[in-house]
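# Structural description and commentary
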Amino acid sequence: MVSYLPIFVLIALAIGLGFLLANLSRFLGPFRPSAKKGLIYESGMDPVGSAHDRFSVKFYLVAMLFILFDIEVVFMYPWAVNYKELILETNSLFPLYEMLTFIGILFVGYIYVFKKGGLKWV
Amino acid sequence: MELYSQILLIFPVLLVLITLAAYGSYAERRVAAAFQQRVGPNRVGPFGLLQPLADVLKLMIKEDVTPANADKLLHFLSPIISVATAMIMFGVIPLAKFGDSFLVISDVNIGILYLLGVTSVSVYGITLAGWASNGKYSLLGGLRASAQMISYELPLGLAVVSVIILTNARMPMGSDFLSVTSIVEAQRGAWNLFINPLGFIIFYICVLAESARTPFDLVEAEQELVGGFHTEYSSLKFGMFMVVEFLHLVIPPAIITTVFLGGYLGPFEGALGVAQWGNTAQILWGLGWFLTKTFTIAFTFMWIRWTLPRFKYNQLMDLGWKRLLPLALINLVVVAIGAAIYVFQTAG
């Protein structure tokens, strides 16, 4: 029988352990905050501006490409799980050809992104 | 296994994981020293065996500093997310088989999806740590981490699909093809390493990148980013990120072992008649092989760390997107063709 209960108990215990560890040094260690201590580390210089600023657009591009391709990978899971059954049922290589078509379309998209320079980092 | 014994199993597993993480740091430092012809930590206790304990004690009594303009809540939560996601991965990994049951916390029928999902969530711990600290080094570390991890998740996912096809082709109809125990049981004839070697290489590289170990440790590249995402962490919160780093010396090797090296399966099980042994003997046999394989892979992780230099970021992205992703697609097609031939042959 499949039970998710042990998994939930494990998750609860792991989070509880995390909270315990994160709070432990608050009781065991000293606590003497000061203005200088609250500064972020910037190699010993006074910090310039905030870090919550604009950053390279390439990180957004990678994230969007990831979502596109990852969804297409997700579509392959139901196919992989039913692969043998589909082959035996149709008694042909139709499930294979079908997935080859899918991967082919995916690959055309990949080539397009490649040629557009979407994968170029520098 | 009974439900209560599954829940009871959680406690020794968590305890052993924490101990292994602590001694992972010791092993890593001793192995590093050996590779560099140094001695390594050998002062605290016999052979320096108490070194991890001393390190943890030192971190515990240090002041916990939160930067003044940091996002306090996220700064507090992100180490917890990191530690928790690293630990709960072990929930679906089978450690041994006895009789018809498995020594596993829970054999959920979507085990491999659970592993992939938890891997995705673990990205948040590092990314949020970098963002919440509000420091430039931390932010860059966190951004690099998220871009790197999601990039390598694609070939990782494709390698897993190829493994699922192989599981599907070899297991009897109607089993749970996504459960981790069927992935191991399907390898009874031949490990996935031998029938899907390219998939193994892709999976290995991606797991290395997902756990941000050298040569993929741009997340915390000391020379450029000080400490990367954990620059602004001190005391035990910093210690928690270290725990995660050394858990990454145990759990990813355990996953590689399970998915590609036959997990708890040992050689000559049929000839030795392992299935007829007593429960304790079977558990010891399975656990022994599982740990042997896991520690061997962990040693190769360390070996790679102290052999290869770190990638540049553009090289890292090129490897992920331009090499591994098309390679993983090709591997998937090859495996699918091979599995179709196998299915036709076995069906007669």
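One can find the structure itself at the top, above this paragraph.
Read on for an overview of the structure. (Residues numbered from 1 in each chain as written. Chains lettered and ligands numbered in written order. Predicted model: local features only at pLDDT ≥ 70, side-chain atom pairs only at ≥ 80, totals over all residues. Heavy atoms only, no water.)

## A short note on the overall build of chain A
Basically, it comes down to this: Under the DSSP-based scheme used, a helix requires at least four consecutive residues in state H or I and a strand at least two consecutive residues in state E, with every element numbered from the N terminus. Put simply, the radius of gyration uses C-alpha atoms, and a globule should come to 2.2 Å times the residue count raised to 0.38. We call a residue buried when its accessible area falls under 20% of the maximum for its residue type, exposed when it is over 50%, and partly exposed in between, using a 1.4 Å probe and counting protein chains only.
The secondary structure content of chain A amounts to five helices and zero strands. Listed by position from the N terminus, the elements making up chain A come as α-α-α-α-α. Its C-alpha radius of gyration of 26 Å places chain A more than 25% over the 14 Å reference for a compact globule of 122 residues. Taken along its principal axes, the extent of the C-alpha atoms in chain A is 75 × 50 × 15 Å. Of all 122 residues assigned to chain A, the portion counted as buried reaches 30%.

## Observations regarding helix α2 (residues 58-74) of chain A
Here is the rule we go by: A helix is expected to span 1.5 Å multiplied by its residue count minus one. The directions from the helix axis to the C-beta atoms are what the arc is built from. Should any heavy atoms of two residues lie within 4.5 Å, those residues are counted as being in contact.
For α2(A), with 17 residues, the first-to-last C-alpha span of 24 Å sits near the 24 Å given by 1.5 Å per residue. Residues Phe59(A), Val62(A), Leu65(A), Phe66(A), Phe69(A) and Val73(A) constitute the buried set of α2(A). When α2(A) is viewed along its axis, its buried side chains cluster within an angular range of 125° and face the same direction. α2(A) presents Met64(A) and Leu68(A) as exposed residues on the side facing more than 90 degrees away from its buried surface. Check the buried side of α2(A) and you find it contacts α3 (76-81) and α5 (94-115) of chain A together with α5 (136-170) and α14 (313-346) of chain B.

## Some points on the interface of chain A and chain B
The following threshold applies: Note: buried area is the sum, over both parts, of the accessible area (probe 1.4 Å) each one loses when the two are combined. By definition, a salt bridge exists where a carboxyl oxygen of Asp or Glu is found within 4 Å of a side-chain nitrogen of Lys or Arg. In protein, a polar contact requires one atom able to donate a hydrogen and another able to accept it; more generally it is a pair of N or O atoms within 3.5 Å, and residues adjacent in sequence count only if both atoms are side-chain atoms. Three classes are used, and their members are as follows: Ala, Val, Leu, Ile, Met, Phe, Trp, Tyr, Cys and Pro are nonpolar, Asp, Glu, Lys and Arg are charged, and the others, Gly among them, are polar.
Chain A puts 72 residues into the contact, and the matching count from chain B is 85 residues. In total, about 7000 Å² of surface goes out of reach between chain A and chain B, with carbon and sulfur atoms giving 78% of it. When the buried surface of chain A facing chain B is broken down by residue, Leu10(A), Tyr77(A) and Lys84(A) rank first, second and third, together holding 10% of it. Between chain A and chain B we count one salt bridge in total. Put simply, Lys37(A) and Glu63(B) hold a salt bridge, and the shortest N to O gap is 2.7 Å. Connecting chain A to chain B are twelve residue pairs in polar contact (both at pLDDT 80 or more). Elements with a minimum of two residues in the side of chain A that touches chain B: α1 (5-28), α2, α3, α4 (83-90) and α5 of chain A. Take the side of chain A that touches chain B: its biggest share by element is 18 residues, from α1(A). Classifying every residue of the side of chain A that touches chain B by side-chain character gives 52 nonpolar, 13 polar and seven charged.

## Thoughts on the pattern of salt bridges
Residue and element names in this part refer to chain B. Under the counting rule described, the total for this entry stands at ten salt bridges over all chains. Across the pair Lys237 and Asp64 runs a salt bridge whose closest N-O atoms are separated by 3.2 Å. Note that Lys237 is positioned in helix α10 (residues 235-247) and Asp64 in the loop between α2 (51-60) and α3 (72-88), a separation of 173 residues in sequence. An identical accessibility class is assigned to Lys237 and Asp64; each is buried. Residues joined by salt bridges that share partners form a network here, namely Glu28, Arg213, Glu245 and Arg305.

Distances and angles like these do not, on their own, reveal function.
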